[in-house]
Amino acid sequence: MKLHINLRNITDCLYDVIIGIKLPAITSEIARLNGFSKYFIITDSNVKRLYGNEFLKTLRTDKIEAHLLSVPAGEKSKTRKTKEQLEDKLLKLNADRSSIIIAFGGGVIGDLAGFVAATLLRGVPLIQIPTTLLSQVDSSIGGKVAVDHPLGKNLIGAFYHPKKVYIDVNVLKTLSEREFRSGMAEVIKYAAILDQNLFSFLLVNHANIIHLKQSTLIHIISRCCELKKMIVEKDERETGLRRVLNFGHTIGHAVESLSKYKLTHGEAISIGMAAEAKISTSLGILKRSDMERLTFLLELYKLPTLIPSRMNLKKIIESTIHDKKVQQGEVHYTLLEQIGKARVGVKLTADKVIKSFNK
């Protein structure tokens with residue numbers, strides 16, 4: 001399946017998302033690209049071991065100069081320091097504006113390598129090859145690239161779109177069960193905010209999804225990418241509609257940061273969705289039955305729905321003040337109206353959020 005992301009009315013940007021292509025075919029297609037002097041693959045230690053070295057070996061030919069740069073796997077690599085180290089290596093290898101960067105990994109690599117591409121020499125071309133479910137359904141599309149800051153997640157970054165996104169669902173077989181379920185949190189988010197039919201599909205096809213049936217995976221990945229395409233084409237810079245994608249992320253990012261990233265992104269977003277659905281119900285926006293349906297689906301995929309007992313609710317709320325969604329000191333939440341429909345820009349004080357949890 002091929003999706004065309006068309007942002008020419010906004011940033012004169014057009015690129016394809018190719019879903020279902022295999023890694024050997026991806027390598028061959030990249031090798032046939034014209035006009036690039038050097039190819040720089042940025043990956044993490046896990047992907048390097050599983051796929052990276054072979055990818056580099058296959059890509060290198062008499063005509064192609066390719067290099068592989070690896071960082072330790074995990075969120076702790078998504079820092080300004082790691083970005084600086086990568087930039088130093090790239091410049092020592094004589095990267096220039098005719099070079100291309102290939103982000104080969106999960107969401108951390110996509111964000112980190114994408115931000116490097118956005119700023120190196122004021123921007124060099126980028127290709128995304130996402131290798132986790134979370135990055136395939138969400139972070140590789142839409143142009144958000146960033147690193148974390150001690151005060152919060154993704155606070156330093158840019159909007160920078162790739163030239164192409166290649167998605168091979170077969171690589172999901174090497175994910176741990178925990179990482180796969182983490183990615184399902186973002187799939188459930190798309191269903192909760194935009195598509196009640198997808199929500200029902202996730203309920204009915206739970207067994208096929210958990211057992212990685214390829215046709216089922218391609219269906220849910222394709223649908224999430226279609227929904228992301230629709231949103232991004234209407235609101236690339238998150239000034240309005242795109243904020244719908246933040247459901248679960250205000251509380252979720254705070255929980256993730258306070259856990260010192262011991263919780264995966266998906267686990268934290270799952271907790272955030274359950275919490276923000278509870279807030280929605282407390283405010284009379286969402287029916288309790290829909291809140292319970294969402295909680296049931298998250299738990300069906302063995303995702304957490306409760307804020308860890310070791311975390312102080314007040315600290316979580318305080319942490320949301322440093323979120324990117326704060327405007328003029330007010331936290332803007334995306335809440336749920338019903339399964340398949342969300343409401344953006346709900347301004348809430350810390351007191352009102354705390355009261356929602358005490359009801």
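As a reminder, the structure under discussion sits directly above these lines.
Residues numbered from 1 in each chain as written. Predicted model: local features only at pLDDT ≥ 70, side-chain atom pairs only at ≥ 80, totals over all residues. Heavy atoms only, no water.

> Which residues make up the overall build of the chain, and what values do they have?
Counting its secondary structure elements, the chain contains 14 helices and twelve strands. Across its three principal directions, the C-alpha atoms of the chain cover 65 × 40 × 40 Å. Burial statistics for the chain: of 359 residues in total, 57% are counted as buried. Within the chain, residue pairs in contact and separated by at least 24 positions form 75% of the contacts whose partners lie at least 6 positions apart. About 15,700 Å² of surface is accessible on the chain, with carbon and sulfur atoms providing 50% of the total. (Helix = DSSP H or I, 4+ residues; strand = E, 2+ residues; numbered from the N terminus. Buried < 20%, exposed > 50% of the residue type's maximum accessible area, 1.4 Å probe, protein only. Contact = heavy atoms within 4.5 Å. Areas by Shrake-Rupley, 256 points an atom, 1.4 Å probe, with all protein chains shown as cover.)

> An account of the packing of helix 7 (residues 196-204) against helix 9 (residues 214-234) is needed here, citing residue identities and associated values.
The interhelical angle for the contact between helix 7 and helix 9, taken along N-to-C directions, is 160°, at an axis separation of 12 Å. Classified by the angle between their axes, helix 7 and helix 9 sit roughly antiparallel to one another. As helix 7 packs across helix 9, the resulting crossing turns out to be left-handed. For the pair helix 7 and helix 9, contact is made by Leu-198, Phe-201 and Leu-202 and by Thr-216, His-219, Ile-220, Arg-223, Cys-224 and Leu-227, respectively. Looking at the contact of helix 7 with helix 9 residue by residue, the class counts come to six nonpolar, two polar and one charged. (Axes fitted to C-alpha atoms, helices over the stretch in contact; angles between N-to-C directions. Parallel < 35°, antiparallel > 145°, perpendicular 65-115°, else oblique. Left-handed = near helix turned anticlockwise from the far one by under 90°. Nonpolar A, V, L, I, M, F, W, Y, C, P; charged D, E, K, R; others polar.)

> Could you give an account of the nonpolar core, with specific residues and numbers?
Ranked by internal contacts, the top residues of the largest apolar core, which has 53 residues, are Leu-202, Ile-221 and Leu-294. At nine residues, the largest contribution of residues to this core is made by helix 6 (residues 177-194). The residues touching Leu-294, leaving out its near neighbours within four places in the chain, are Ile-188, Ala-192, Phe-199, Phe-247, Met-273, Ala-277, Leu-336 and Ile-339. (Core = buried A, V, L, I, M, F, W, Y, C linked by side-chain atoms within 4.5 Å.)

> Could you give an account of the packing of aromatic side chains, naming the residues involved and the relevant values?
Under the criterion given, the structure shown has two aromatic pairs. For the pair Phe-36 and Tyr-39, a centre-to-centre distance of 6.3 Å together with 70° between the ring planes defines the contact as edge-to-face. Residue Phe-36 is classed as partly exposed on the basis of its relative accessible area of 24%. Between Phe-55 and Phe-104, the aromatic rings sit 4.9 Å apart at their centres with planes inclined by 40°, giving tilted as the arrangement. With Phe-55 in helix 2 (residues 45-59) and Phe-104 in strand 5 (residues 100-105), the pair connects residues that are 49 residues apart, well separated along the chain. A relative accessible area of 0% means that Phe-104 is categorised as buried. The ring centre of Phe-115 lies 4.6 Å from the NZ or CZ of Lys-83, which sits over that ring. If you follow Lys-189 out to its NZ or CZ, it ends over the ring of Tyr-190, 4.7 Å from the centre. (Phe/Tyr/Trp six-rings, centres within 6.5 Å; stacked < 30°, edge-to-face > 60°. Lys NZ or Arg CZ within 6 Å of the ring centre and 35° of its normal.)

> An account of a positive patch on the surface is requested, with residue identities and associated values reported.
Taken together, the side chains of Lys-76, Lys-260, Lys-262 and Arg-310 present a region of like positive charge at the surface. Summarising the element assignment, Lys-260 is placed in the loop between helix 10 (249-258) and helix 11 (265-282). (Patch = residues over 30% accessible without salt bridge, like charges linked within 9 Å, V, L, I, M, F, W, Y side chains within 5 Å. Salt bridge = Lys/Arg side-chain N within 4 Å of Asp/Glu carboxyl O. Lys, Arg positive; Asp, Glu negative; His and termini not counted. Charge placed at Lys NZ, Arg CZ, Asp CG, Glu CD.)

> Quick one: what's the story with the state of the cysteines, residue by residue and with numbers?
As used here, a disulfide is simply a covalent bond connecting the sulfur atoms of two cysteines. Across all of its chains, the model carries zero disulfides by this definition. Cys-225 provides the cysteine sulfur closest to Cys-13, a residue in no disulfide bond, and the two sulfurs are 16 Å apart. Accessibility expressed as a relative area gives 15% for Cys-13, which makes it buried. Summary of cysteine pairing: Cys-224 is not part of a disulfide, and the nearest cysteine sulfur, belonging to Cys-225, is at 7.0 Å. (Disulfide = S-S within 2.5 Å.)

> Describe a nonpolar patch on the surface, with residues and values.
Judged by side-chain polarity, Leu-203, Val-204 and Phe-296 come together as a nonpolar surface patch covering roughly 300 Å² of accessible area. Here Val-204 lies in helix 7.

> Can you explain the pattern of salt bridges? Please cite residues and give values.
Inspection of the entire model under this criterion finds 18 salt bridges. For Glu-267, the salt bridge is made with Arg-178, and the minimal N-O distance between the two is 2.7 Å. One end of the pair, Glu-267, is in helix 11; the other, Arg-178, is in helix 6, with 89 residues separating them in the sequence. As a salt-bridge pair, Glu-337 and Arg-343 come within 2.8 Å of each other at their nearest N and O atoms. Arg-343 sits in the partly exposed class, given a relative accessible area of 37%. Through salt bridges with shared partners, a single ionic network connects Glu-75, Lys-78, Asp-111, Asp-148, Lys-153 and Glu-256.

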